[in-house]
Structures are given as C-alpha cells and as structure tokens.
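Each chain is listed here by its residues.
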Amino acid sequence: MIRTAALVLAPFTIILFTPYIVEANWFVNAVASIQALKQTTESFYNWAFTVSQIDGATRFIISQMLAALGALIVVGLQLWRVKGTKNLVRAFRRRK
C-alpha cells in the first residue's frame, strides 16, 4: 500500500512542481550555459514566455489538473499491472 502511494505521489509531485523549477532563474542560467542546447533552449523559453503571461491562479489550476491527470494515469497503470486488463475493464463498467 505504501509502495502504491509512493508510485502515485511521485509523478504528482514531479508534474506539479516542474513548471516552477523550469521558470526559476538558476535553472534558466544553468541550461543557457550549455552551448549544445542553446537553440533548443531559446525556442522553448520563447514559447514558455507566452505561457508565463497567463494569470498566476490560472497557471496554478492548470498545474494542479495536469498533476492530478498524471496521478490518475499512474493509478490506472498500477491497477492494470496488478489486476490485469479484464479486471480493469470490469472495474469501470456500470453495475446493473
């Protein structure tokens, strides 16, 4: 049970905080210093700049929703691995 909780919470946490880490000044400076990634970094941050113009509350809601979606995907994969595909389909069917 603890292993499953860790499998669900790890991607949730990573997906939730990745946008904030990517926009941090120390991360931008570290990535910009690598010459091989310079063109890719410039194009990514040009795109990210337009995304960062979104209201802070909206960005927070979007990151929460994406993190929850990632957690649901991990839970579905865990159920599929443990119970198999037939039992996973049965879990989502309506009961009459």
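Our structure's up above, just so we're on the same page.
Residues numbered from 1 in each chain as written. Predicted model: local features only at pLDDT ≥ 70, side-chain atom pairs only at ≥ 80, totals over all residues. Heavy atoms only, no water.

*Asks:* Would you mind going over the overall build of the protein chain with me for this structure?
*Replies:* Looking only at helices and strands, the protein chain has four helices and zero strands in total. Counting across all 96 residues of the protein chain, residues that qualify as buried make up 16%. Within the protein chain, residue pairs in contact and separated by at least 24 positions form 65% of the contacts whose partners lie at least 6 positions apart. Entry remark: accessible area of the protein chain is about 7900 Å², with carbon and sulfur atoms responsible for 69%. (Helix = DSSP H or I, 4+ residues; strand = E, 2+ residues; numbered from the N terminus. Buried < 20%, exposed > 50% of the residue type's maximum accessible area, 1.4 Å probe, protein only. Contact = heavy atoms within 4.5 Å. Areas by Shrake-Rupley, 256 points an atom, 1.4 Å probe, with all protein chains shown as cover.)

*Asks:* Explanation requested: the layout of surface pockets in the structure shown.
*Replies:* Rolled over the atoms, a probe as big as a water molecule pinpoints where empty space is left. Taken as a whole, the largest pocket spans an internal volume of roughly 350 Å³. What lines the largest pocket is a set of 14 residues, and nearest its centre among them are P19, E23, W47, V51 and R59. For the lining of the largest pocket, the secondary-structure elements that each account for two or more residues are helix 1 (2-22), helix 3 (38-52) and helix 4 (56-92). Partitioning the lining of the largest pocket into residue classes produces 10 nonpolar, two polar and two charged. (1 Å grid on protein atoms, 1.4 Å probe; cavity = no way out; pocket = protein on both sides within 12 Å on 5 of 7 lines; lining within 4 Å. Points joined across faces, edges and corners; volume = space filled by probe spheres on them. Nonpolar A, V, L, I, M, F, W, Y, C, P; charged D, E, K, R; others polar.)

*Asks:* Please explain helix 3 as it appears in this structure.
*Replies:* Every α-helix winds through 3.6 residues per turn, so residues three or four apart in the chain are directed the same way. Helix length check: helix 3, at 15 residues, gives a terminal C-alpha distance of 20 Å against a target of 21 Å (1.5 Å per residue), a fit within 8%. Turning to helix 3, its buried residues are T41, Y45 and A48. Down the axis of helix 3, the buried side of the element spans an arc of 65°, and every buried residue falls inside it. When the buried face of helix 3 is taken as reference, the exposed residues oriented beyond 90 degrees from it are Q39, N46, W47 and T50. The inward-facing, buried residues of helix 3 abut helix 1 and helix 2 (25-32). (Expected span 1.5 Å × (residues − 1). Arc of directions from axis to C-beta.)

*Asks:* Just to check I follow, could you spell out the packing of aromatic side chains for this structure?
*Replies:* Aromatic ring pairs are described here by two measures, namely the spacing of the ring centres and the angle between the planes. As enumerated under the stated definition, the model contains two aromatic pairs in all. When the ring of W26 is compared with that of F27, the centres are 5.9 Å apart and the planes differ by 90°; the resulting orientation is edge-to-face. For W26, a relative accessible area of 58% corresponds to the exposed category. Relative accessible area serves as the criterion here: at 26%, F27 is assigned to the partly exposed category. Measuring from centroid to centroid gives 5.1 Å for F44 and Y45, while their planes differ by 80°, and the two rings are edge-to-face. Given a relative accessible area of 34%, F44 falls into the partly exposed group. (Phe/Tyr/Trp six-rings, centres within 6.5 Å; stacked < 30°, edge-to-face > 60°.)

*Asks:* Just checking my understanding: could you explain the side chain of S63 for this structure?
*Replies:* Checked against the element boundaries, S63 lands in helix 4. Given the relative accessible area of 5%, S63 is considered buried.

*Asks:* What's the story with a nonpolar patch on the surface in this structure? I'm lost.
*Replies:* A contiguous nonpolar patch, built from I15, I54, I62, L66, L69, I73, L77 and W80 and spanning about 710 Å² of accessible area, is present on the exposed surface. Judged by relative accessible area, which is 33%, I54 ranks as partly exposed. (Patch = residues over 30% accessible without salt bridge, like charges linked within 9 Å, V, L, I, M, F, W, Y side chains within 5 Å. Salt bridge = Lys/Arg side-chain N within 4 Å of Asp/Glu carboxyl O.)

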